[in-house]
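These are the residues of each chain, in order.
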Amino acid sequence: MLLSFLRKNLRLTGTKYGCGGGGCGACTVMVSRYDPQTKNINHWSVNACLLPVCQLHGAAVTTVEGIGSTKTKLHPVQERIAKAHGSQCGFCTPGMVMSMYTLLRNNPQPTMEDVTEGLAGNLCRCTGYRPIVDGYRTFCEGQPELFSKGDLLPLDPTQDLIFPPELMRLAEVKDQTTQRFCGERMTWISPGSLNELLQLKADYPQAPLVMGNTNIGLDMKFKGIFHPVIISPTQVPELFKVTQKPEGVCVGAGCSMSFLKSVLERSINDFPPESTHMFRALLQQIKLVGGQQIRNVAVSTLGGNIASAYPNSDLTPILAAGRCTLVALSKDGRRRVPIDKDFFLGFAKTVLKPDEIVLSVFIPASRPNEIVHAFRHAPRKESALATVNAGMRVWFNENSNVVKEISIYYGGVGATILSADRACQQIVGRYRVNLCCHIKLGPSAPGGKVDFRRSLTLSLFFKFNLVSGSAIWSFYTGKIMCVLCVQNVLEGQSAQDPVGRPMMHRTALSQATGEAVYCDDLPQTDGELFLVIVTSSRPHAKITHIDFSEALKLPGVVDVITAKDIPGKRFRTFTGYDEELLAEDEVTCVGQMVCAVVADSKAHAKRGAAAVKISYEDLQDRIFTVEEAIEKESFFLPRRQIERGDVEKGLREAEQVYEGEIRIGGQEHFYLETQSFLVIPIGEEKEMKVYLSTQHPAFTQEAVAETLGIPSNRVSCHVKRLGGAFGGKVTKTAILASITAVAASNLASIRGEDMLITGGRHPVWGIYKVGFMKDGRITAADFQYYANAGNVVDESVLVAEKILLHLDNAYNIPNLRGRSAACKTNLPSNTAFRGFGVPQCMLVVESMIDDVALKLGRLPEEVSIREINMYKEVSLTHYKMEFDPENLVRCWNECMKKADFRQRRQGIDLFNQQNQFKKRGIAIVPIKYGIGFAEAFLNQAAALVHIYKDGSVLVSHGGTEMGQGIHTKVQQVASRELNIPTSLIHISETSTQCVPNTCPSAASFGTDANGMAVKDACQILYNRLEPIRKKNPKGTWQNWIITAFLQKISLSATGYYRGHDLDMDWEKQEGKPYAYFTYAVGCSEVELDCLTGEYRTLRTDIVVDIGRSINPSIDIGQIEGAFMQGLGLYTMEELKFSPSGVLYTRGPSQYKIPSFCDVPLKFNVYLLAGSSNPHAIYSSKGIGEPTVFLGSSVFFAIKDAVTAARKDAGLTGPFQLNSPATPERACLACATHFTQMVRDESTSGPAQPWALNI
Ligand SMILES: Cc1cc2nc3c(=O)[nH]c(=O)nc-3n(C[C@H](O)[C@H](O)[C@H](O)COP(=O)(O)OP(=O)(O)OC[C@H]3O[C@@H](n4cnc5c(N)ncnc54)[C@H](O)[C@@H]3O)c2cc1C
Ligand code: FES
Ligand code: FES
């Protein structure tokens, strides 16, 4: 693929690997071709991970390195994303840059719609997208001027590289000779003519035609399907021909979706409006197929999409409903075939013969009185395969509403697209009618969501009824706008002092140019070996034999590492439990690491891994769900409990008691950079250098040393930067690094493997009993939490503890009890994830508050149940820690006001009265989040600061840079303390050689601790220079430094910060586990389509108390990014496991994180003014984790909208809405009559559901 060619062969590492499957956009590059007919040069953004190099003959490829650099000249797209703070970890940034660059090459004056469409195929896990949108808004006319244009480089087309003239000449010559490329195992043939193509197809009927490679490429990469011969007909002109006739348009099968889109747009202009229904419907679907990069390479309906015949193709239902036909061609002749129910035979099967190709597709213009519409519902509005889609066409008798002909096709409800034939027959000859559901899906239908998919078939038809009767069905759209309220620096602060100012992330520019180096970008070392891990395919089994004899025979395979090859300790110990590095006798989950294949290339190691055969003897006692764990008492100990007051008495005295529950699903970290390691043996005295991407280098150093049986002083760990982490690169990283060290090799995990092995956020089942008074006061609450920990303990017991410490959130409940348990199951072990259990437990308490409000028939905010129960004055938490909630209350009041809550609530009520199938909802939630580690020793930090003779300063500290901007803030600290410009200060990496025994960069405490250590070191140095400064007050920094050197004053110092002495005594159930609290309040409003469960966040307002921010733009980046991650957690991200414990969701195509289309349309963030914090550096507060929970304001706003829908259905009172509130859950909870119909007809049988409810 182009990606590995760029990265490994050309050493152009700016283009990143994020998923390898076209789903993240990190690998975006621009491909340009010259068209000799139009004399135009066309540019496309494409996914390099799916683009075969062989297909690039005659094309120019531009990578991020080609458009600008910090060494020569930046390109404005690079500069603007950086200056707008749109690059945090930076791993997604080159891809964003290239998508935007390509857009500008094609359209130098884009609209905001063009920008968001152009970026829809790019994911970012850090920023929350808003700053990227704002950075690129500056290229659009008529947009708010958020930046002074004078500070930005102008867009200058003369800066762009020219298209290579030799490629133009090549294109003009039209040298269409056959190209043949032979690899180790595969032959790639690109025929020069149609006849040759047909001959090849006759010779190799099983060989696939590779056009966009978006289907076949995925099969080969992820399903291990191998094709010895591949035919690539991209040179065959007949496949790209477009002809327009009065009856319709004929489009060549090789046209990309993007090209088809332009053909349809042209046809809509050229044909009379009443004939364009079909074109419009198809266009509407095409716009939503994949991201821009996928549409640019994927062949149109004729080719790949039709021939792939997969069940949720967006095009085939509308092509089938719209009377389209195709021309199939082989050496034996041509035939015209209707694209209808007889064309699709089953999953990935059509009536096409093996030697036939699709030449073209005919798309007919609509006839008078004929209406065509397409519908789709997907887990995310953009860049997501449809859950259910449909093509519908109705032809009425002239001047009447009587149906002459009707055709309805659904995708996503069977092995292939389905025609609702029976329903259509019933409709013909009648007036508009409602459809009854004839689509049957068994309880274990692949994809699950059985009731939802069935109800969608009805509600989409209902929508068709509405729109074909000229009703307008619109859903809220708009442009993303924002207000950011930052802080002013203190009066009298020197202009040079950067603390408190919105300084750009220190390496944002190199991130945007692709120069920033991540672990996998390091230059190859001589004799480098590559490692691929082999994992268990069984949830619980004895390993009876591992046979790697076949693997060792394969080319390039050097060795296979098993547990027996580990020279030192074969396990890591966490909270008293041992975790094996490689399973030896028994496996306890699918995905557990068993052995590792070492080879001379990644491809060889992968082949080797596929050849390893592990024999198992299954063990029957498998536990997957928390219910099963409870039944079998399968827990990691200790189980914790905390209580204050007398809960039983509180419940007795309450006027009402309610018992409820909520389940919160897990979450995948989905850091864009997968786990990555390079271990280099120095060859002397057992020294090892480990380059890796971890939040905790010291822990890895210790693990590697123990595994190799050598002292820690022989192992040095080096972390330049991480492409995101979010808690997922602490413990698992150490284990993976240890295995890599045994083989002294290179491991860069692929996305699916990463998602399988490394675990994620714990799913939690929360059960509660609450007692309350009629006025809303809560007198007692009793909570029980069960976290699904997976097969090994990892940090699960600590997560379960943190859950108990935050169970009160912002509420002063006099009688309060919590019990938590980490359930041991046969699923991959879960680990730390931003918030460490807090986002789960707080959803439970807020859900309880919501239930109290619903029980009392009141809105949760109306003289609010939340407000009534909130901490208001200096109080003790349930673990007896004193704190002052003044700023919590201030955040609440300010957010209510800024969000104009009460006024908007009235507007929403009115909207809901006027709309039956669209409802709006609003919710506001507070958060009180404890900062620091309850384990006191983890709060310490150290730093090392060197001043060199030229005055430049090198700062090392124990924190790792993973996008949160710690190096930037530390640079600001050093600048203030040494009183020198930041330009003199450099931070190279985090290394165990410079700063030993570091603590993890986690718990929102990185800057608090490391900033203080750096401050200490700088103050020591500054004080040492004092006599010199005094002697020469007018001297420069450089003078002082050289003088100090000549006077033999040490210009190097270590700094140390002991940290807070925090603790929690679980026996006494009291302690001071946190240094202080960060407070915030978030308010969100949504509009919900009750027919599909689709929602749009219309507005979010957030007020956060972060004391005096060291860098407001970086902190706002953390607030927005965490909010969006929370929005994902609570409303869309779903991990799915099969009934035998296999993780289905292993990449961006199955697991959806928020994208550009999910950003609230109005997104306002305010920092609470006038706040300070005596417990942290420069009065700041930690902010990395807290605002994840504010994403739940969207969850509760959806719940509020669902409540309104239920009211229309005659349902009132509390109801259980589990998290994530996906469209499926929201739609079913709305209880419209469509969902009722399918439930009534539901065929619930004994069959196992497709996915587990863990
Ligand atoms: C990230 C991602 C997102 C996607 N999102 C969507 C989406 O939202 N909606 C949607 O509908 N699809 C989506 N797709 C699927 C995509 O549209 C299809 O994979 C694509 O249309 C297939 O075209 P291709 O040229 O890439 O096919 P290839 O992978 O090149 O080929 C696929 C198959 O079609 C056959 N074939 C190709 N051309 C011909 C021909 N002319 N005659 C006969 N057989 C032929 C090949 O032999 C092969 O078996 C997505 C894919 C990816 C990777
Ligand atoms: S790496 Fe290519 S799209 Fe993700
Ligand atoms: S900055 Fe986008 S993924 Fe990190």
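Predicted, not measured: the structure shown is a model, and the values here were computed from it.

Analysis parameters
- Residues numbered from 1 in each chain as written.
- Chains lettered and ligands numbered in written order.
- Predicted model: local features only at pLDDT ≥ 70, side-chain atom pairs only at ≥ 80, totals over all residues.
- Heavy atoms only, no water.
- Helix = DSSP H or I, 4+ residues; strand = E, 2+ residues; numbered from the N terminus.
- Rg over C-alpha atoms; globule rule 2.2 N^0.38 Å.
- Buried < 20%, exposed > 50% of the residue type's maximum accessible area, 1.4 Å probe, protein only.
- Contact = heavy atoms within 4.5 Å.
- Areas by Shrake-Rupley, 256 points an atom, 1.4 Å probe, with all protein chains shown as cover.
- Lys, Arg positive; Asp, Glu negative; His and termini not counted.
- Charge placed at Lys NZ, Arg CZ, Asp CG, Glu CD.
- Pairing = 2+ DSSP bridges.
- Patch = residues over 30% accessible without salt bridge, like charges linked within 9 Å, V, L, I, M, F, W, Y side chains within 5 Å.
- Salt bridge = Lys/Arg side-chain N within 4 Å of Asp/Glu carboxyl O.
- Phe/Tyr/Trp six-rings, centres within 6.5 Å; stacked < 30°, edge-to-face > 60°.
- Lys NZ or Arg CZ within 6 Å of the ring centre and 35° of its normal.
- UniProt positions renumbered as here; feature names shortened; annotations may be inferred.
- Polar contact = N/O pair within 3.5 Å; in protein donor to acceptor, adjacent residues only side chain to side chain.
- Axes fitted to C-alpha atoms, helices over the stretch in contact; angles between N-to-C directions.
- Core = buried A, V, L, I, M, F, W, Y, C linked by side-chain atoms within 4.5 Å.
- Parallel < 35°, antiparallel > 145°, perpendicular 65-115°, else oblique.
- Left-handed = near helix turned anticlockwise from the far one by under 90°.
- Nonpolar A, V, L, I, M, F, W, Y, C, P; charged D, E, K, R; others polar.
- Disulfide = S-S within 2.5 Å.

Novice: Would you mind going over the overall build of the protein chain with me for this structure?
Specialist: The number of helices and strands found in the protein chain is 35 helices and 48 strands. Computed over its C-alpha atoms, the radius of gyration of the protein chain comes to 31 Å, within 12% of the 33 Å expected for a compact globule of 1254 residues. The principal-axis extents of the C-alpha atoms in the protein chain amount to approximately 90 × 75 × 70 Å. For the protein chain, buried positions account for 64% of its 1254 residues. In the protein chain, the share of contacts with a sequence separation of at least 24, taken over all contacts with a separation of at least 6, comes to 77%. Here the protein chain has roughly 44400 Å² of accessible surface; of this, 52% comes from carbon and sulfur atoms. In the protein chain, which carries 131 positive and 126 negative side-chain charges, the distance between the mean positions of the two groups comes to 3 Å.

Novice: Just to check I follow, could you spell out the sheet that holds strand S26 (residues 613-618) for this structure?
Specialist: Whenever strands of a sheet pair, they do so through backbone hydrogen bonds, lying parallel or antiparallel. With antiparallel pairing, three strands are arranged side by side in an open sheet as S24-S20-S26. A strand with exactly one partner marks an edge of an open sheet, and here the two such strands are strand S24 (586-587) and S26.

Novice: How do you make sense of a negative patch on the surface when you look at a structure like this?
Specialist: A surface patch of like charges, here negative, comprises Asp 578, Glu 580, Asp 585, Glu 586 and Asp 621. Within the fold, Asp 621 resides in the loop between S26 and helix H19 (626-631).

Novice: Help me understand the pattern of salt bridges, please; the structure alone is not making it clear to me.
Specialist: For side chains of opposite charge, pairing can occur when their charged atoms come near one another. Counting across every chain of the model gives 62 salt bridges. In this structure, Arg 7 and Asp 521 form a salt bridge, with 2.6 Å as the shortest nitrogen-oxygen distance. You can see Arg 7 sitting in helix H1 (residues 2-9) and its partner Asp 521 sitting in the loop between helix H16 (508-513) and strand S19 (530-535), a full 514 residues away along the chain. Across the salt bridge formed by Lys 880 and Glu 1070, the nearest N and O atoms sit 3.8 Å from each other. With Lys 880 in the loop between strand S36 (875-876) and strand S37 (882-883) and Glu 1070 in strand S45 (residues 1070-1072), this residue pair connects regions lying 190 residues apart in the sequence. Take Lys 880: its relative accessible area is 47%, and that puts it in the partly exposed class. The network of salt bridges with common partners includes Arg 7, Lys 16, Asp 520, Asp 521 and Lys 602.

Novice: Please explain the packing of aromatic side chains as it appears in this structure.
Specialist: A ring pair, where both rings are aromatic, is described by two values, the distance of the centres and the angle of the planes. For the structure shown, the criterion picks out 26 aromatic pairs. Arranged with centres 5.0 Å apart and planes meeting at 55°, the rings of Phe 462 and Phe 1234 form a pair that is tilted. In this pair, Phe 462 sits in helix H15 (residues 450-468) while Phe 1234 sits in helix H35 (residues 1233-1241), placing the two residues 772 residues apart along the sequence. Residue classification places Phe 462 among the buried residues on the basis of a relative accessible area of 15%. Each member of the aromatic cluster is reached from another via a ring pair, and the members are Tyr 871, Tyr 879, Phe 883, Tyr 1074, Phe 1077 and Tyr 1079. Cation over ring: Arg 976 sits above Tyr 1178, and NZ or CZ is 4.6 Å from the ring centre.

Novice: Hey, could you run me through the UniProt feature "binding site: Mo-molybdopterin" (unreviewed entry) in the protein chain in this one?
Specialist: Sites flagged by UniProt as "binding site: Mo-molybdopterin" (unreviewed entry) map to Gln 695, Phe 726, Arg 834 and Ala 1003. What stands out for the annotated residues spanning 309 residues is how close their C-alpha atoms remain, the widest pair being 12.2 Å apart. The topology assignment puts Gln 695 in the loop between strand S30 (688-692) and helix H21 (697-708). Looking at Gln 695, its side chain comes within polar contact range of the main-chain nitrogen of Gly 728, at 3.4 Å. Along the chain, Arg 834 turns up in the loop between strand S35 (815-824) and helix H25 (838-855). With relative accessibility at 8%, the residue Arg 834 sits in the buried group. Excluding residues within four positions of it along the chain, Arg 834 makes contact with Phe 726, Arg 761, Pro 839, Gln 1118, Gly 1121, Ala 1122, Gln 1125, Gly 1184, Glu 1185 and Val 1188.

Novice: Just checking my understanding: could you explain a nonpolar patch on the surface for this structure?
Specialist: Where nonpolar side chains cluster on the molecular surface, the patch consists of Phe 5, Leu 10 and Val 53 and spans about 210 Å² of accessible area. As for its position among the elements, Phe 5 is in helix H1.

Novice: Is there a simple way to think about the UniProt feature "binding site: [2Fe-2S] cluster 2" (unreviewed entry) in the protein chain in this case?
Specialist: When the UniProt feature table is mapped onto this chain, "binding site: [2Fe-2S] cluster 2" (unreviewed entry) is found at Cys 89, Cys 92, Cys 124 and Cys 126. In sequence the annotated residues extend across 38 residues, while in space they remain close, none of their C-alpha pairs exceeding 9.4 Å. Of the residues examined, Cys 124 reaches a relative accessible area of 6% and is grouped as buried. When sequence neighbours within four positions are dropped, the list of residues in contact with Cys 124 reads Cys 92, Met 96, Tyr 129, Ile 132 and Ile 1153. Residue placement: Cys 126 occurs in the loop between helix H4 (112-119) and helix H5 (130-137). In this structure Cys 126 touches Gln 88, Cys 89, Phe 726, Gly 1117 and Gly 1121, once residues within four positions along its chain are discounted.

Novice: What is the right way to look at the sheet that holds strand S9 (residues 325-330) in this model?
Specialist: Spatial strand order, S7-S8-S13-S9-S10: five strands in an open sheet with antiparallel pairing. Only two strands of the sheet have a single partner each, and these edge strands are strand S7 (242-245) and strand S10 (333-338). Averaged over all pairs of adjacent strands, the angle between strand axes in this sheet comes to 20°, irrespective of strand direction. Lying on the sheet, helix H7 (residues 194-203) is in contact with S9 and strand S13 (357-364); it crosses S13 at an angle near 120°. Taken strand by strand, helix H10 (residues 277-286) contacts strand S8 (248-252) and S13, and its axis lies near 125° from that of S13.

Novice: Any chance you could explain the nonpolar core here in plain terms?
Specialist: What tends to happen in soluble globular proteins is that the nonpolar side chains get buried as a cluster. In this structure, Tyr 136, Phe 783 and Trp 1037 are the most contacted members of the largest nonpolar core, which totals 196 residues. Looking at which element gives the most residues to this core, the answer is H25, with eleven residues. With 54 residues, the next largest nonpolar core counts Ile 189, Val 249, Leu 352 and Ala 374 among its residues.

Novice: Before we go on, may I ask you to explain the pairing of strand S14 (residues 370-377) in this structure?
Specialist: Look at any regular strand and the pattern is simple: side chains alternate between the two faces of the sheet. For S14, a buried count of seven out of eight residues is recorded, marking the element as mostly surrounded by other parts of the structure. Relative to strand S15 (residues 388-396), S14 is paired through eight bridges, and the arrangement is antiparallel. By the bridge assignment, His 377 is partnered in S15 with Val 388.

Novice: Would you explain helix H34 (residues 1223-1230) in this entry?
Specialist: Extensive coverage of H34 is indicated by the burial of seven of its eight residues. Of the residues making up H34, those classed as buried are Pro 1223, Glu 1224, Ala 1226, Cys 1227, Leu 1228, Ala 1229 and Cys 1230.

Novice: What is the right way to read a positive patch on the surface from this model?
Specialist: Where like charges cluster on the molecular surface, the positive patch consists of Lys 241, Lys 245, Arg 334 and Arg 336. Mapped onto the elements, Lys 241 comes out in the loop between strand S6 (229-231) and S7.

Novice: Could you clarify how one ought to interpret the packing of helix H30 (residues 1006-1031) against helix H31 (residues 1037-1046) in this entry?
Specialist: Helix-helix packing is described using two parameters, namely the angle between the two axes and the distance between the axes. Here H30 crosses H31 at 110°, and the two axes come no closer than 10 Å. Our classification of the angle between H30 and H31 gives roughly perpendicular. In this structure, H30 crosses over H31, and the sense of that crossing is right-handed. Touching Leu 1025, Ile 1028 and Arg 1029 of H30 are Trp 1037, Trp 1040, Ile 1041, Thr 1043 and Ala 1044, all from H31. Looking at the contact of H30 with H31, its residues break down into six nonpolar, one polar and one charged.

Novice: What am I meant to see in the packing of H15 against H34 here?
Specialist: Taken N-terminus to C-terminus, the directions of H15 and H34 make an angle of 70°; their axes are 10 Å apart at the nearest point. In terms of axis orientation, H15 runs roughly perpendicular to H34. In the crossing of H15 with H34, the sense of the turn from one axis to the other is left-handed. In this structure, H15 uses Asp 451, Phe 452 and Ser 455 to contact H34, whose residues at the interface are Pro 1223, Glu 1224, Cys 1227 and Leu 1228. Grouping the amino acids of the contact of H15 with H34 by side-chain chemistry returns four nonpolar, one polar and two charged.

Novice: What is the right way to read the state of the cysteines from this model?
Specialist: Any covalent bond linking the sulfur atoms of two cysteines counts as a disulfide. Under the criterion given, the structure shown has zero disulfides. Unpaired in this structure, Cys 595 has its nearest cysteine sulfur neighbour in Cys 589, at a distance of 15 Å. Since its relative accessible area comes to 0%, Cys 595 is described here as buried. Cys 823 carries a free sulfur, and the closest cysteine sulfur to it, the one in Cys 841, is 16 Å from it. Owing to a relative accessible area of 0%, Cys 823 belongs among the buried residues under this scheme.

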